[in-house]
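Spelled out, the chains give:
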Amino acid sequence: MRLYINIDHAATLRQARKTDEPDPVRVAVLAELAGADGITVHLREDRRHIQDRDVELLLGTVRTVVNLELAATDEMVGIAARLRPHQATLVPERREEITTEGGLDCGKGGARIADAVRKLRAAGIRTSLFIDPDPATVRAAAAFAPDAVELHTGRYAHHWRQAGPFLDELRAAAAEARRAGLAVHAGHGLTYENVAPVAALADLEELNIGHSVLSRAVLTGIGEAVREMRQRIDRARVTA
Ligand code: PXP
């Protein structure tokens, strides 16, 4: 099972101050050194976290692969076709949302999705569609002939303590996608507490996880960060 780490939240923290730290490019290097199989970033139309500069630098520095999440717009598809990440995952995007709230609408958005998949494939990019985990949506997505679908695990993640039906829903959608000849990815809302049952689903081959890992990094890293600042202050006082 491949683990791709979504590093958008490092950029969110940087953009809160519009400064240059933390640099998501550095976060990507450390994530790779720790065993991530790939780095995922979402270049949003409003550029609220990841910037064009980040994607360009990541493509020059990441040694594993970059999975670029993007809306199926002319601008974004043009950027992806120019930069040619290993994989492009088409996601729905609404400006007022806090995070990607649901899967792609393969009915209403069909023409745009078809056009985007065609252009991305022509640029040599592996394509994935982020969809809700139900068999009818999987079949609608398969009609666009992407390489993969990413199943939205949000519903499972929100109800994981009574997860039976939501896990079954993921399992059924994954089986349907495999029958359609698609690779199956999953992600959204996965945490240290709820990841195991999803990781055990045999039809899945890739997980995309961001918020929980970045949150854990704050907790596991805060002690070292404070100690380092303490040291610099103490050293300055001694030498003053
Ligand atoms: N997959 C997709 C398509 C996403 O949009 C996101 C959130 O950016 C993720 C996975 C990761 O979700 P989380 O940050 O909740 O782990």
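You'll find the structure just up there.
Residues numbered from 1 in each chain as written. Predicted model: local features only at pLDDT ≥ 70, side-chain atom pairs only at ≥ 80, totals over all residues. Heavy atoms only, no water.

Pulling in residues and values, what's your account of the packing of helix α4 (residues 74-83) against helix α5 (residues 110-122)?
Helix-helix packing is described using two parameters, namely the angle between the two axes and the distance between the axes. For the pair α4 and α5, the least separation of the axes is 10 Å and the interaxial angle reads 15 degrees. Relative to α5, the element α4 lies roughly parallel. Taken as a pair, α4 and α5 cross one another with a handedness that is right-handed. In contact with D74, V77 and A80 of α4, α5 contributes R112, A116, K119 and L120. (Axes fitted to C-alpha atoms, helices over the stretch in contact; angles between N-to-C directions. Helix = DSSP H or I, 4+ residues; strand = E, 2+ residues; numbered from the N terminus. Parallel < 35°, antiparallel > 145°, perpendicular 65-115°, else oblique. Left-handed = near helix turned anticlockwise from the far one by under 90°. Contact = heavy atoms within 4.5 Å.)

Any chance you could break down unusual backbone geometry for me, citing the residues and the numbers?
Residue P22 is bonded to the preceding E21 through a cis peptide linkage, with omega at -5 degrees. The residue K18 is not glycine, and still its phi comes out positive at about 50 degrees. Judged by relative accessible area, K18 falls into the exposed class, the value being 68%. (Buried < 20%, exposed > 50% of the residue type's maximum accessible area, 1.4 Å probe, protein only.)

Lay out helix α2 (residues 24-33) in plain terms, naming residues and giving numbers.
All of the buried residues in α2 are P24, V25, A28, A31 and E32. Take α2 and look down its axis: the buried residues cluster within an arc of 120 degrees, on one side only. What points out from α2, more than 90 degrees from its buried face, is the exposed set R26, L30 and L33. Buried-residue contacts for α2 involve α1 (8-17), β2 (38-42) and α3 (52-61). Its side-chain oxygen placed 2.8 Å from the backbone nitrogen of V25, D23 serves as the N-cap of α2. Two residues or fewer after α2 comes G35, characterised by a positive phi angle close to 115 degrees. (Arc of directions from axis to C-beta. Polar contact = N/O pair within 3.5 Å; in protein donor to acceptor, adjacent residues only side chain to side chain.)

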